[in-house]
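Take a look at the letters that make up each chain.
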2 protein chains.
Amino acid sequence: MPTGVNRLVVIGASAAGLSAAAKARRNDPGLKITVLEKTDEVSVGLCQLPYLISGYIKEPSEVVAVPVEALREKRGMDVRLHHEVQSIDLTKKKVTFRDLETQKEGEVSYDRLVAATGSRSIRPPIPGLSAPNVFALHSLGEALAIREYVKDRAPKEAVIVGGGYIGLEMAEALTRNGLRVTIVEMLPNVMGTMDDELTELVEDHVREQGVNLLLSSRLDEVRLNQEGCAASVVAGGKEVRADMVLLALGVRPNVELAKAAGIKLGATGAIATDWKQKTSDDSVFAAGDCCESHDLGTDRKVWIPLGSTANKQGKVAGDNLSGGYSVFRGITSTAICKAFEIGIGRVGLTEKEAKKLGLDCESVVVTPRSRAGKCPGARMIRLKLVFERVGGRLLGGQVVGEDGVLARTDVLACSMYHRMTVEEIGRFDLAYAPPFAPAWDPVLVACNLAVKKVKPS
Amino acid sequence: MPTGVNRLVVIGASAAGLSAAAKARRNDPGLKITVLEKTDEVSVGLCQLPYLISGYIKEPSEVVAVPVEALREKRGMDVRLHHEVQSIDLTKKKVTFRDLETQKEGEVSYDRLVAATGSRSIRPPIPGLSAPNVFALHSLGEALAIREYVKDRAPKEAVIVGGGYIGLEMAEALTRNGLRVTIVEMLPNVMGTMDDELTELVEDHVREQGVNLLLSSRLDEVRLNQEGCAASVVAGGKEVRADMVLLALGVRPNVELAKAAGIKLGATGAIATDWKQKTSDDSVFAAGDCCESHDLGTDRKVWIPLGSTANKQGKVAGDNLSGGYSVFRGITSTAICKAFEIGIGRVGLTEKEAKKLGLDCESVVVTPRSRAGKCPGARMIRLKLVFERVGGRLLGGQVVGEDGVLARTDVLACSMYHRMTVEEIGRFDLAYAPPFAPAWDPVLVACNLAVKKVKPS
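Quick caveat, the model's predicted, so the values are computed rather than measured. (Residues numbered from 1 in each chain as written. Chains lettered and ligands numbered in written order. Predicted model: local features only at pLDDT ≥ 70, side-chain atom pairs only at ≥ 80, totals over all residues.)

### What about the relation of the copies chain A and chain B?
Right, on to step 1. Of the transformation superimposing chain A on chain B, the axial component is 0.0 Å and the angular component is 180°, with the fit at an RMSD of 0.0 Å. The operation mapping one copy onto its partner corresponds to a two-fold rotation axis. Residues of chain A ranked by C-alpha distance from the rotation axis are headed by Ala407 of chain A, positioned 1.9 Å from it.
Right, on to step 2. Counting the interface residues of chain A, we find that 100% of their copies in chain B are interface residues as well, pointing to one common contact surface. (Least-squares fit on C-alpha atoms with pLDDT ≥ 70 in both. Contact = placed C-beta atoms within 7 Å.)

### Here's the deal with the packing of helix α1 (residues 15–27) of chain B against helix α8 (residues 307–321) of chain B
Residue and element names in this part refer to chain B.
Right, on to step 1. It is at 7 Å that the axes of α1 and α8 come closest, and there the two elements cross at 35°. The handedness of the crossing between α1 and α8 is right-handed. In this structure, α1 contributes Ala15, Ala16, Gly17, Leu18, Ser19, Ala20, Ala21, Ala22, Lys23, Ala24 and Asn27 to the contact, and α8 contributes Gly307, Ala310, Asn311, Gln313, Gly314, Lys315, Ala317, Gly318, Asp319 and Leu321.
Right, on to step 2. Class assignment of the residues belonging to the contact of α1 with α8 gives a composition of 10 nonpolar, 8 polar and 3 charged. (Axes fitted to C-alpha atoms, helices over the stretch in contact; angles between N-to-C directions. Helix = DSSP H or I, 4+ residues; strand = E, 2+ residues; numbered from the N terminus. Left-handed = near helix turned anticlockwise from the far one by under 90°. Nonpolar A, V, L, I, M, F, W, Y, C, P; charged D, E, K, R; others polar.)

### Here's the deal with the confidence of the model for chain A
Right, on to step 1. On average, residues of chain A carry a pLDDT of 96, and 99% of them reach 70 or more.
Right, on to step 2. Reported confidences for the modelled complex are a pTM of 0.96 and an ipTM of 0.96. (pLDDT = per-residue confidence, 0-100.)

### Notes on the sheet that holds strand β14 (residues 230–235) of chain B
Residue and element names in this part refer to chain B.
Right, on to step 1. Sheet architecture is open: 3 strands sit in the order β13-β14-β15, paired in antiparallel fashion. Of all the strands in the sheet, just β13 (219–224) and β15 (238–241) have a single pairing partner and so form its edges. With strand direction ignored, the average angle separating the axes of adjacent strands in the sheet is 25°.
Right, on to step 2. Of the strand pairs in this sheet, β13 and β14 are connected by 5 bridges, and their pairing is antiparallel. Opposite Leu224, over in β14, you have Ala230 as the bridge partner. (Pairing = 2+ DSSP bridges.)

### Notes on the sheet that holds strand β1 (residues 7–11) of chain A
Residue and element names in this part refer to chain A.
Right, on to step 1. An order of β3-β2-β1-β7-β18 is seen for the 5 strands of this open sheet, with the pairing classed as parallel. Unpaired on one side and paired on the other, β3 (77–80) and β18 (284–286) mark the two borders of the sheet. Strand after strand, the sheet turns through a mean of 20° between neighbouring axes, direction not considered.
Right, on to step 2. As paired strands, strand β2 (residues 32–36) and β3 are joined by 4 bridges and run parallel to one another. In the sheet register, Leu36 faces β3, and the bridge partner there is Arg80.
Right, on to step 3. Sheet contacts for helix α8 (residues 307–321): β1, β7 (112–115) and β18; angle to β18, the most-contacted strand, approximately 160°.

Here is the structure:
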């Protein structure tokens, strides 16, 4: 243990904060650990919330990784719920908080601080959003409110504003509850984080499942009925009935506390850290949705809030602040999502993103089968690779299909990690047997085609 | 095109030979290509044959990648069936053959030769193996004979000799046809290519599916009835009823022709090549089951006959002999197999193999869930990692489970390709979403545990 580190304060009791606290506890059984959490929720798997609504997950307790009692009793953490941090004093090394139940203020000193303040849902300044049947989904409480509303009020039509990951997952969840779902999306396509060759498959699939897509349509207004509840949504000039509305416009990092304290933010707007997860202040670490990451494939800072990253960053922060040594080298901008039967994976940059960055790139799109011949479970799977025109280094990959999306996304993630060229990726000895993959795996098919477009460097 | 290369002769019309011929044709539309094939089968996906018997694949034509007519008419290849090569003359650059239909001999000159002579089933010198209901499975003809026998004679009990990939796949195929299957295996476990922590899961699973396992039991004899048909099998002193017998004892490389001609074999007993797939003779290339490969993870020559490797080696051979430049750097000893509902994957070395090679290694076994929480489709998945005790470089990985085996096997294959340490693999940004993977992917869980056993180098 480092000399003089006796007290750790963690702001935020979600994946990142608790991973940091748990790692520090394992390194140093004597460390005093205080976790300040604004809400009454700890250790909630936010990514699992849509499945609590769809019914795949039955009990709220199943999305809680470690209950608060276990954190307190088994891991010896002083977890304080309803404690909202008001400010961080880097010089005096203390944080002030307000107990939201008693409204009393207090302060606690730290030797090391972990900012794991997370992110919050974007709520645009649009009329009607404060109606009781307008929901967001970024806490267990919100998930349970949606579940209860659906059960008790039996809404028939739902409007989801935003066609990204959460929007699509919730379109599935609400459809499974018998609702007719309309997705309102400002961009011309759902999944704005993907290129058109991929999103068109996603759109076809969700439409087949009965979802109505209102694309290129900005949310203008939520219209309320006499009881003050949302009754319809106006978007792109059209009015759509809405017995409930879900805002799925994405999230923003909670950086206000850190910023006010003088901790440096990155160009992405999230907290900047080194690869030990240390911030600009030597005693303060950051982890999870509130901080940015290094993208290994493209060598730039990005802000991609994900539970898997939060866990890793938290563990690295917890290790380094308690005498260990770990690094979080970065991410490959890997993400995956399921909408009904279709999987949607990506790594690195899309072609749109690469061109916006001014990169000289080429791309290929292939749509082979996921498994050999007529093996049961074989489906068409579409891959797009984006790569440097000169030399062929992979810049990004996208995968959409009903089968085999995880494996191909992970192979591309490994490829991005190593900054490989399409020629070299094409040499991977990927697993082959007819019930799993064709002799030429879809990744290799895409690479074989890509190689032909590469100019020698 | 290289000067003076006008005529290509290919021995063997399976994956490797035809991949070479196809690539050479694309490079050089004027090349004269002769393909000599001993049987009347071309372009058969051997790995798909068990699924033709299980009924997943209905039509024999579905396991034929390219029909012989297309090879002749569209790709301009002179494909000669029933042509058995008798000898190769490296000095005069010609091969002699016998037309098995007319029994006439002939010869053909080459500028470049591809030996794609494949492999053949092992048949031990044991009494009774020539009975008509004793089968092997290494050609479409054999697959159709088994299918017909099962349909016409309605056998009730089958004995499969050998508990490797084909043995397990055929146990599934025959069970699906209503037969009661016994696997006779000389070793104490099925899947001798895996360690015990994995094979025990496979054994439990196939037993649950009704398969009888006779382990540590050497085949002594196949007993015939009065009609000369197999009626029972004696193995390890026990007699088991057998209305049919399948020999699944593995394969051997067909190297006799090459060896007699003076082409160098490797220590594995298969044909040695450089990474352009050239043999010890400058005009002769080899590809597929008849030749060995370089294992990238362990830097040694291995003989692991697989369709995926055959395709790649053939393509590289075909490119290099027709004026292109390609390399086949090697394999990572990746393999995967499905038996009933269970997937079985491996890369690199098992612990048994590593210890036999005298390597100072450690291992970990983990059995997490394949997907997050209670998501539908989540199953236990077992991973074993074998790695160098000092430094932690991955030596091999094994994966068994009902879900997610392809993705984890492929990630380990990519890791072996890059000779990564368990610490570094643990940093991969693998795809995370509850319906696909837990926030800590099973590969990362295994690496996190493995890191604790690594001594600094």
